[in-house]
Amino acid sequence: DAGVIQSPRHEVTEMGQEVTLRCKPISGHDYLFWYRQTMMRGLELLIYFNNNVPIDDSGMPEDRFSAKMPNASFSTLKIQPSEPRDSAVYFCASSFSGPNSPLHFGNGTRLTVT
Amino acid sequence: GNSVTQMEGPVTLSEEAFLTINCTYTATGYPSLFWYVQYPGEGLQLLLKATKADDKGSNKGFEATYRKETTSFHLEKGSVQVSDSAVYFCALKSGGYQKVTFGTGTKLQVIP
């Protein structure tokens, strides 16, 4: 089991540029989550999918953020245009359904917007 | 709504000291409870879980007991090591919802 795989591990970009973060969940998991972690705000849920369908995107901060899951093995989080306040570590996590199923996190993408 | 409250950190302990990190929760129904650990530069990983009242979760010397009467799930370890230095998150899943409610995290630093 390779775990949840995220790319890139680090991204440095200039304000106004488009940023795309990628995630490959664990095979067989039917839920996928995108989180953002900062010192000030802690861990925030941005959006989650069930069987590739977005279920709750109420945590997406603005229209500049969008997420897709075109198939069961791939998801993207896009920020366009990026701003310095978007600088954070972005985590993808996946899980089986069920109240006892834990989340499995990737190692995150550290985004720096200058 | 659901919420998780953890003790403020950072917590600094000497090696071989006893560790307690307090966690209390508010939830509808009967939640499942989790402790996650985050090492520097990594994502969160499951440390232990308990799915019903009086269950004890344990892993790597850490333990936590699901106390419904006090709505608590305190994390304990009898003898911490330097390698236990990390951030610890208490969390819950409740009812039919797949969203996980996390506490704010408690940073533990163990010094030799």
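Each remark here, short or long, concerns the structure printed above.
Being a predicted model, the structure only gives us computed values, none of them experimental.

1. Structural notes on the interface of chain B and chain A
Next up, step 1: The interface of chain B with chain A comprises 18 residues on the first partner and 21 residues on the second.
Next up, step 2: Note on chain B versus chain A: buried area summed over both sides is about 1,600 Å², and carbon and sulfur give 53% of it.
Next up, step 3: When residues of chain B are sorted by the area they lose upon contact with chain A, Leu44(B), Gln98(B) and Lys99(B) head the list and together hold 35% of the total.
Next up, step 4: Taken together, chain B and chain A are joined by one salt bridge.

2. Quick word on unusual backbone geometry
Residue and element names in this part refer to chain A.
Next up, step 1: With an omega of -10°, the peptide bond running from Ser 7 to Pro 8 counts as cis.
Next up, step 2: Looking at the element boundaries, Pro 8 is found in the loop between β1 (5–7) and β2 (10–13).
Next up, step 3: The linkage connecting Gln 80 with the following residue, Pro 81, adopts the cis geometry, with an omega of -10°.
Next up, step 4: Counting through the fold element by element, Pro 81 comes out in the loop between β8 (74–79) and β9 (88–95).
Next up, step 5: Although it is not a glycine, Asn 52 sits at a positive phi angle of roughly 75°.

3. Some details on the state of the cysteines
Next up, step 1: Scanning the entire structure with this criterion turns up two disulfides over all chains.
Next up, step 2: Paired by a disulfide, Cys23(A) and Cys92(A) hold their sulfur atoms 1.9 Å apart. In this structure the cystine formed by Cys23(A) and Cys92(A) twists about its S-S bond by roughly -65°; its chirality is therefore left-handed. Of this pair, Cys23(A) sits in strand β3 (residues 19–24) while Cys92(A) sits in strand β9, placing them 69 residues apart in sequence. Take Cys23(A) and Cys92(A): they sit in the same class, and that class is buried.
Next up, step 3: Covalently, Cys23(B) is tied to Cys90(B) through a disulfide, its sulfur atoms 1.9 Å apart. Looking down the S-S bond of the Cys23(B) and Cys90(B) bridge, the torsion is -70°, so its handedness is left-handed. Highlighted residues: Cys23(B) in strand β4 (residues 23–26) and Cys90(B) in strand β10 (residues 86–93), separated in sequence by 67 residues.

4. Points about the packing of aromatic side chains
Next up, step 1: Tallied over the full model, the rule gives 14 aromatic pairs over all chains.
Next up, step 2: Between Tyr31(A) and Tyr48(A) the ring centres are 6.2 Å apart and the planes differ by 35°, which places this aromatic pair in the tilted class. Highlighted residues: Tyr31(A) in strand β4 (residues 31–38) and Tyr48(A) in strand β5 (residues 42–50), separated in sequence by 17 residues. The burial state of Tyr31(A) is the same as that of Tyr48(A); both residues are buried.
Next up, step 3: Seen in terms of ring centroids, Tyr35(A) and Phe102(B) are 5.8 Å apart; in terms of plane orientation they differ by 85°. Their pairing is edge-to-face. Pair noted here: Tyr35(A) is in strand β4 and Phe102(B) is in strand β11 (residues 101–102), and the two residues belong to different chains. No difference in accessibility class separates Tyr35(A) from Phe102(B), as the two residues are buried.
Next up, step 4: Members of the aromatic cluster, joined through ring pairs, are Tyr31(A), Phe33(A), Tyr35(A), Tyr48(A), Phe91(A), Phe105(A), Phe34(B), Tyr36(B), Phe89(B) and Phe102(B).

Reading guide: rules and limits
- Sequence order sets the numbering: in each chain, residues are counted from 1 along the sequence as written.
- As they are written, the chains are lettered A onward and the ligands numbered 1 onward, keeping that order.
- The model is predicted, so local features are restricted to residues of pLDDT at least 70 and side-chain atom pairs to those at 80 or more, both for listing and for counting; the totals for chains, interfaces and linings are taken over all residues.
- Where side-chain values are given, they derive from all heavy atoms of the structure, hydrogens and water being excluded.
- The contact rule is simple, with two residues in contact once any of their heavy atoms fall within 4.5 Å.
- For any pair of parts, buried area is found by adding up, for both, the accessible area (1.4 Å probe) each one loses once the two are put together.
- By salt bridge we mean one thing: a side-chain nitrogen of Lys or Arg within 4 Å of a carboxyl oxygen of Asp or Glu.
- Helix and strand assignments follow DSSP, with helices taken as H or I runs no shorter than four residues and strands as E runs no shorter than two, numbered in order from the N terminus.
- The rule for a disulfide is simple: a pair of cysteine sulfur atoms within 2.5 Å.
- The rule is simple: take the accessible area with a 1.4 Å probe, protein chains only, and divide by the maximum for that residue type; under 20% is buried, over 50% is exposed, in between is partly exposed.
- Two aromatic rings, drawn from Phe, Tyr or Trp (for Trp, its six-membered ring), form a pair once their centres lie within 6.5 Å of each other, and the interplanar angle then sorts them: stacked below 30 degrees, edge-to-face above 60, tilted otherwise.

Taken by themselves, the reported measurements are silent on function.
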